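Residue-level listing of the chains:
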Amino acid sequence: MDFTNITRLPIVDLEAIEAVHAELRPIFDPVLRTFSVQLWKDSEPSGNHGLTDNFRYADEPLEAIDAFLAESGVRALTRAEAVLLYAGLVHAKGGPDWAIFQMQVAAAEQV
């Protein structure tokens, strides 16, 4: 998988009643040590998944992201998009977690 552009995950839904062009931006707050996902629609902020939640691990926002997107009129994520969002969350935190993630991906690609 290509993890070069994981700070902004585009979500395009041309099959909706009105075409939806959205973007998910993974966020890690180092002070609160929590994860969240910003939703942008048509280049403007449209919501924040995790603003009031206490997501301490990168996989936690993914558990309810599809419900959040549905409430915002955006289609559910594909499995590949969910993997990219998870990678973006780990990248947003950085440090050893990101280094370990990259090593795991490299090892999996060698198999």
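The structure this text deals with has already been given above.
In what follows, the accompanying structure is described. Owing to the predicted nature of the structure, the values given are computational and were not obtained by experimental measurement.

This part covers the pairing of strand β2 (residues 20–29). Within β2, 7 of the 10 residues are buried, which leaves it mostly tucked inside the rest of the structure. Note that strand β1 (residues 9–13) and β2 share 5 bridges and pair antiparallel. Bridging across to β2, Ile11 finds its partner in Ala22. As defined by bridge partners, β2 adjoins strand β3 (residues 34–41) across 8 bridges and the pair is classed as antiparallel. Note on β3: the bridge partner recorded for Glu23 is Trp40. Between the antiparallel neighbours β2 and β3 lie 4 residues, among them Arg33 with a positive phi of about 60 degrees.

With that settled, the discussion passes to the sheet that holds strand β4 (residues 44–49). Across a sheet, strands are paired by hydrogen bonds formed along the backbone, either parallel or antiparallel in direction. Strand order across the open sheet formed by 4 strands is β1-β2-β3-β4, with antiparallel pairing between neighbours. The two strands at the open ends of the sheet, each matched to only one other strand, are β1 and β4. Strand after strand, the sheet turns through a mean of 25 degrees between neighbouring axes, direction not considered. Together, β1, β2 and β3 form the strand contacts of helix α3 (residues 79–93), whose direction differs from that of β2 by roughly 35 degrees.

What counts and what doesn't
- Residues numbered from 1 in each chain as written.
- Predicted model: local features only at pLDDT ≥ 70, side-chain atom pairs only at ≥ 80, totals over all residues.
- Heavy atoms only, no water.
- Buried < 20%, exposed > 50% of the residue type's maximum accessible area, 1.4 Å probe, protein only.
- Helix = DSSP H or I, 4+ residues; strand = E, 2+ residues; numbered from the N terminus.
- Pairing = 2+ DSSP bridges.
- Axes fitted to C-alpha atoms, helices over the stretch in contact; angles between N-to-C directions.
- Contact = heavy atoms within 4.5 Å.

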